[in-house]
Amino acid sequence: MMSRKLTSLLRSNSLTLTNKYCLHMTSVLGAKNPKVALIFSGCGVYDGTEIHEASSAMVHLSRHEADVGIFAPNIEQMHAIDHTKGEPMAVNRNVLVESARIARGKIQDLSELNVKDYDAIIFPGGFGAAKNLSNFAVEGDKMTVQPSVEKVIKEFHSAKKPIGLCCIAPVLAARTISGCTVTVGQDKDSDGKWPYAGTAGACQNMGAKHVNKNVNEVNIDSENKIVTTPAFMCETAVHQVFDGVGKMVEAVLKLCK
């Protein structure tokens, strides 16, 4: 039977969040913990953040005792997708509000992110990166990046702080950081496992260099401090995506000063 306190909490219309904006906990490393900004684009693979990739990043960051702040732009989604049908719904949703579902409410508007407060930034994938954080899903290699997203990417790059991106999110770096090197997996779908292989060519058309990598590998652009991994650009098992995202997180943290 539920306690009265829990029942009251569940019925409350206005939950009070403890430690509202800090995802991670006190660590034995104390002030030396790397501080990482995690950027979401909604909630759900077809119109927002890929939840398994976001969760993978959160688990690996927690294991490495990083202090994590989660952010999302306070904008309307391109559209909301019924994930049972893969079809647009009549009612749209807000990127920040939807992202808060994954963040357990501990989230801030991306406009509040100050590069001085963090050592690195990571972007999980999902179609939200191509629909909400940019318009890649519509414009392809003629895409533009959502202004607040472009701003933080440029700020972290200028500050020489590492940037991690997985799945389709590397298109954000390809457009924003001239001449960078990224991976979105393979540039040819020879075995049916890489249905989005054309994204590699789009990255190159935007001036980036693409390196073919498998789902359990990362590409490290040491000059620009950009770490990328294919994740669910590959049709594969969840644990392989989890492992690849883990390698991305580890590489990002190693690049932190």
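Fair warning: this is a prediction, and the values are worked out from it, not measured in the lab.

A. Up close: the packing of aromatic side chains. The tally for this structure, following the rule as stated, stands at three aromatic pairs. On the numbers, 6.2 Å between centres and 40° between planes, the contact of Tyr-46 with Phe-127 is tilted. One end of the pair, Tyr-46, is in the loop between strand E1 (35–39) and helix H2 (51–63); the other, Phe-127, is in the loop between strand E6 (120–123) and helix H4 (128–131), and 81 residues separate them in sequence. The exposure class of Tyr-46 is partly exposed, given its relative accessible area of 36%. Measuring from ring centre to ring centre gives 5.7 Å for Phe-71 and Tyr-118, while their planes differ by 85°; the resulting arrangement is edge-to-face. Linking Phe-71 in strand E2 (residues 67–72) with Tyr-118 in the loop between strand E5 (108–109) and E6, this pair joins segments that are 47 residues apart in sequence. Exposure remark for Phe-71: the relative accessible area of 1% places this residue in the buried category. In this structure Tyr-118 comes out as buried when scored by relative accessible area, which is 9%. By way of ring pairs, the aromatic residues Tyr-46, Phe-127 and Tyr-196 are connected into one cluster. Seen from the ring of Tyr-118, Lys-35 lies directly overhead, with NZ or CZ sitting 5.3 Å from the centre.

B. Structural view of the sheet that holds strand E7 (residues 163–166). Taken together, seven strands build an open sheet; the order of strands is E5-E2-E1-E6-E7-E11-E10 and the sheet is mixed. The outermost strands of the open sheet, each flanked by one partner alone, are E5 and strand E10 (219–221). Note: E6 against E7, three bridges, orientation parallel. Bridge pairing in E7 links Ile-121 to Ile-163. Lying on the sheet, helix H6 (residues 147–158) is in contact with E6 and E7; it crosses E6 at an angle near 140°. This element, helix H9 (residues 238–255), spans E1, E6, E7, E10 and strand E11 (226–229) of the sheet and lies at about 175° to E11.

C. Representation of the environment of Lys-131 within the structure. With respect to the secondary-structure elements, Lys-131 resides in helix H4. When the C-alpha positions of Lys-131 and Gln-146 are compared, they lie 9.6 Å apart, and in sequence the two are 15 residues distant. Residues within four places of Lys-131 in sequence aside, it is in contact with Tyr-46, Met-78, His-79, Ile-81 and Ala-137. A distance of 2.9 Å separates a polar atom in the side chain of Lys-131 from a polar atom in the side chain of His-79.

D. Representation of H6 in the model. The terminal C-alpha atoms of H6, which comprises 12 residues, lie 16 Å apart, in line with the 16 Å expected from a rise of 1.5 Å per residue. For H6, the set of buried residues is Ser-148, Val-149, Val-152, Ile-153 and Phe-156. Buried residues of H6, seen end-on, are gathered within an arc of 135° and therefore sit on one face of the element. The outward face of H6, more than 90 degrees from its buried face, is lined by the exposed residues Pro-147 and Ser-158. Residue Lys-160 follows H6 closely and has a positive phi angle near 60°.

E. The arrangement of the pairing of E2 in detail. Taken across its six residues, E2 has six buried, putting it largely inside the fold. Burial along E2 is two-sided: the face carrying Asp-67, Gly-69 and Phe-71 and the face carrying Val-68, Ile-70 and Ala-72 are both buried. Strand direction decides the pairing type here: E1 and E2, joined by five bridges, are parallel. Paired with Val-36 across the two strands is Val-68, which belongs to E2. In this fold, E1 hands off to H2, which returns the chain to E2; that crossover is right-handed.

Basis of the calculations
- Every chain is numbered independently, its residues counted from 1 as its sequence is written.
- Confidence filtering applies because this is a predicted model: local features only for residues at pLDDT of at least 70, side-chain atom pairs given and counted only at 80 or more, and all residues used for totals across whole chains, interfaces and linings.
- With hydrogens and water excluded, all non-hydrogen atoms of the structure serve as input to the side-chain values.
- Any pair of Phe, Tyr and Trp rings, taking the six-membered ring for Trp, is counted once the centres come within 6.5 Å. Such a pair is stacked with planes under 30 degrees apart, edge-to-face with planes over 60 apart, and tilted for the rest.
- Here a strand is any run of E in DSSP of at least two residues, a helix any run of H or I of at least four, and the numbering for each starts at the N terminus.
- Only protein chains enter the accessibility calculation, which uses a 1.4 Å probe. A residue is then buried if its area is under 20% of the maximum for its type, exposed if over 50%, and partly exposed in between.
- By definition here, charges over rings are those cases where NZ of Lys or CZ of Arg is within 6 Å of the ring centre and within 35 degrees of the ring normal.
- When DSSP finds at least two bridges between two strands, those strands are taken to pair.
- Working rule for contacts: check all heavy atoms of both residues, and any pair within 4.5 Å makes them a contact.
- Under this scheme, a helix contributes an axis fitted over its contacting stretch, all axes are lines through C-alpha atoms, and angles between N-to-C directions fall in the 0 to 180 degree range.
- The term polar contact refers here to a pair of N or O atoms within 3.5 Å; inside protein, the definition further demands a hydrogen-donor-capable atom paired with an acceptor-capable atom, and it admits residues adjacent in sequence only when both atoms are side-chain atoms.
- A helix is expected to span 1.5 Å for every residue after the first.
- It is the directions from the helix axis to the C-beta atoms whose arc is reported.
- Note on handedness: a clockwise path from strand one over the helix to strand two, with the strands aimed away from the viewer, defines a right-handed crossover.

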